[in-house]
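# Understanding the architecture of this molecule
Next come the chains, spelled out residue by residue.
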Amino acid sequence: MKILVINAGSSSLKYQLIDMENESVLAKGGCERIGIPGGKLTHKACGGSYVLEQEMPNHTDAISLVLKALTDGVGGQGAVISSMDEIDAVGHRVVASGEAFKKTTLVDDEVMKTMDVIAELAPLHNPAAILGVNACRAVMPGKKMALVFDTSFHATMPDYAYLYAIDYDDYKAYHVRRYGAHGTSHKYVSGEAARYLGKDIGELKMITCHLGNGSSISAVKGGKCIDTSMGFTPLAGVPMGTRSGDIDVAAIDYLCHKKGMTMDEGLNYLNKKCGVLGISGISSDFRDLEAAEAAGNDRARLALDMFAYGCKKYVGAYMAVLGGLDVLVFTAGIGENTPEIREKIVGGLEAFGIVLDSARNSMKNDGTIHEISAADSRVKVLVIPTNEELVIARETAALL
Ligand code: ADP
């Protein structure tokens, strides 16, 4: 069985064709500048990387190009299937499900109507996913398609964890609550952690730290998410590349007044101009910040310290809600690649049974799982490369 995974953004789109027989990636790539002059498709397959520069006025054009690359290759190279009949189904990444969908869902007209209704929950992301689904339905009529939601893994949170302390009637009327994000990643790495340790996931208490441009931390008990740091939107939780993370909402009102911003402008500011970028004034990229800190820049140091401190507080809080901890997992760009940040987060938690082995922690990310805790650490600390596309493909295949 071959599954095409589509992750559509408003002007870009990523894809992977996965052979579920052995879960190998047959081809992957992306389209850039959809609807903007200068369209480009990059297709990686058969050990090569091929670029096609071609305008893509809309997502349907982009999907048509992807299918052409998969069946005919780019410039005759990198073809991996002979026709699109070989694609058994398409799995679409969707950021927000609201309360409408608790799990992976097969696409039909009714489902897409509901998707339109909940699009306002994630105005930056869900409308793009809808474009991707509609494009695939236009180009591959009749093909089975699944929606795989970033929020699904968090659907198991208990009510006292997902609710905000607002008027309960308003929660009921407007569905304002914590939904979380990065669920496919948290699901993947928690499953991989149990597999790696040879333990039954049902018996493990885990904290999974997905630390990338956007960062979220989840408490996972027996394989089920019981709390997560992102909220109604991905703005909540730890400080991120450009997002503030948790902030007193009254401070936003005050800032909007002082800076003459509307609420929309205030939210754009909190999403795009804050986080480690805002604190450092240098970059949202942790590689730049580490270089600046090493060169003596104190605001880069401050940004990194604030990030690590924010993460440490969630680790502590989630140890409390889990009633202990067996495994701490780091994943995504920062989690997989920055020993210094892992050290800053975990340092000082020895009293809670978390001890790093500094030699193991300084390992280079080679795409495999690394155990970075000391031999006598009660809590296992693992670095696990995430694979959200594989989860989407597995969920889609399982639904069929
Ligand atoms: P996204 O949320 O966009 O998927 P990523 O998971 O790719 O983000 O994470 C991006 C972050 O990871 C950036 O801050 C970047 O500096 C950091 N990062 C990625 N690769 C490395 C690396 N090899 N060394 C250090 N930091 C890295």
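Here the structure is shown first, and the text comes after it.
All figures in this text were calculated on a predicted structure; none of them were measured in a lab.

Each value, and the rule that gives it
Residues numbered from 1 in each chain as written. Predicted model: local features only at pLDDT ≥ 70, side-chain atom pairs only at ≥ 80, totals over all residues. Heavy atoms only, no water. Helix = DSSP H or I, 4+ residues; strand = E, 2+ residues; numbered from the N terminus. Rg over C-alpha atoms; globule rule 2.2 N^0.38 Å. Buried < 20%, exposed > 50% of the residue type's maximum accessible area, 1.4 Å probe, protein only. Contact = heavy atoms within 4.5 Å. Areas by Shrake-Rupley, 256 points an atom, 1.4 Å probe, with all protein chains shown as cover. Lys, Arg positive; Asp, Glu negative; His and termini not counted. Charge placed at Lys NZ, Arg CZ, Asp CG, Glu CD. Pairing = 2+ DSSP bridges. Near = heavy atom within 4 Å. Polar contact = N/O pair within 3.5 Å; in protein donor to acceptor, adjacent residues only side chain to side chain. Nonpolar A, V, L, I, M, F, W, Y, C, P; charged D, E, K, R; others polar. Core = buried A, V, L, I, M, F, W, Y, C linked by side-chain atoms within 4.5 Å. Axes fitted to C-alpha atoms, helices over the stretch in contact; angles between N-to-C directions. Parallel < 35°, antiparallel > 145°, perpendicular 65-115°, else oblique. Left-handed = near helix turned anticlockwise from the far one by under 90°.

Bringing the overall build of the protein into the picture now. The helix and strand tally for the protein stands at 15 helices and 14 strands. In terms of overall size, the protein behaves like a compact globule, its C-alpha atoms giving a radius of gyration of 21 Å where 400 residues would be expected to give roughly 21 Å. In terms of overall dimensions, the protein has a C-alpha envelope of 60 × 50 × 45 Å along the principal axes. Residues classed as buried in the protein amount to 51% of the 400 residues present. In the protein, 60% of the contacts between residues at least 6 apart in sequence involve partners at least 24 apart. Only carbon and sulfur atoms are counted for the fraction: they give 52% of the accessible area of the protein, which is about 18100 Å². With 40 positive and 49 negative side-chain charges, the protein shows a spacing of 2 Å between the two charge centroids.

This next bit is on the environment of Met84. Within the secondary structure layout, Met84 lies in the loop between helix H1 (59-72) and strand E6 (89-94). By relative accessible area, which is 29% here, Met84 ends up partly exposed. A C-alpha to C-alpha distance of 23 Å links Met84 and Val94, two positions 10 residues apart in sequence. Not counting residues up to four positions away in its chain, the partners in contact with Met84 are Leu67, Thr71, Val139, Met140 and Lys143.

This next bit is on the pairing of strand E11 (residues 224-228). Residues in a regular strand project their side chains so that they alternate between the two faces of the sheet. Summarising burial for E11: four of the five residues are buried, a large majority. In this structure, the hairpin formed by strand E10 (residues 215-221) and E11 is closed by a connection of two residues, where Gly222 is found at a positive phi of approximately 60 degrees.

Of all seven residues in strand E1 (residues 2-8), six are buried; the element is thus mostly enclosed. Relative to strand E2 (residues 13-19), E1 runs antiparallel, the two being bridged by seven bridges. Counterpart to Ile3 in the pairing with E2 is Ile18. In this antiparallel pair of consecutive strands, E1 and E2, the connection spans four residues. Pairing analysis gives four bridges linking E1 to E6, with the strands arranged parallel. Following the sheet pairing, Ile3 is matched in E6 by Ala89.

Neighbouring residues of the ligand: Gly212, Asn213, Gly214, Ser284, Asp285, Phe286, Arg287, Ala332, Gly333, Ile334, Asn337 and Thr338. The contact in question runs from an oxygen atom of the ligand to an N or O atom on the backbone of Arg287, over 3.3 Å. Asn337 places a polar side-chain atom, nitrogen or oxygen, 3.3 Å from a nitrogen atom of the ligand. Relative to its unbound accessible area of 570 Å², the ligand is 65% covered by the protein chains. At the level of secondary structure, the elements contributing two or more residues to the shell around the ligand comprise helix H10 (286-294) and helix H12 (332-337). Of the residues assigned to the shell around the ligand, the class counts are three nonpolar, seven polar and two charged.

Our focus in this paragraph is the nonpolar core. Counting 43 residues, the largest nonpolar core has Leu4 and Leu70 as its most contacted members. Counting residues per element, this core draws most heavily on H1, at seven residues. Beyond its immediate chain neighbours, meaning those up to four positions away, Leu70 contacts Leu4, Tyr15, Leu17, Ala27, His43, Ala79, Val80, Ile81 and Ile87.

We now examine the sheet that holds E1. The eight strands lie next to each other as E5-E4-E3-E2-E1-E6-E8-E7, forming an open sheet whose pairing is mixed. One side of each edge strand has no neighbouring strand; the edge strands of this open sheet are strand E5 (48-53) and strand E7 (105-106). In this structure, E7 lies alongside strand E8 (residues 144-149), joined through two bridges in antiparallel fashion. Pairing of Leu106 across the sheet is with Ala146, part of E8.

Let us now look at the side chain of Ser152. Among the secondary structure elements, Ser152 is positioned in the loop between E8 and helix H4 (159-162). Not counting chain neighbours up to four residues away, the residues in contact with Ser152 comprise Lys102, Lys103 and Thr104.

Look at H10 against helix H11 (residues 298-322): their axes get within 8 Å of each other, and the N-to-C directions meet at 125 degrees. It follows that H10 is oblique to H11 by the angle criterion. Crossing angle aside, the handedness with which H10 passes H11 is left-handed. Within the contact between the two elements, H10 uses Phe286, Leu289, Glu290, Ala292 and Glu293 and H11 uses Ala300, Arg301, Leu304 and Phe307. By residue class, the composition of the contact of H10 with H11 is six nonpolar, no polar and three charged.

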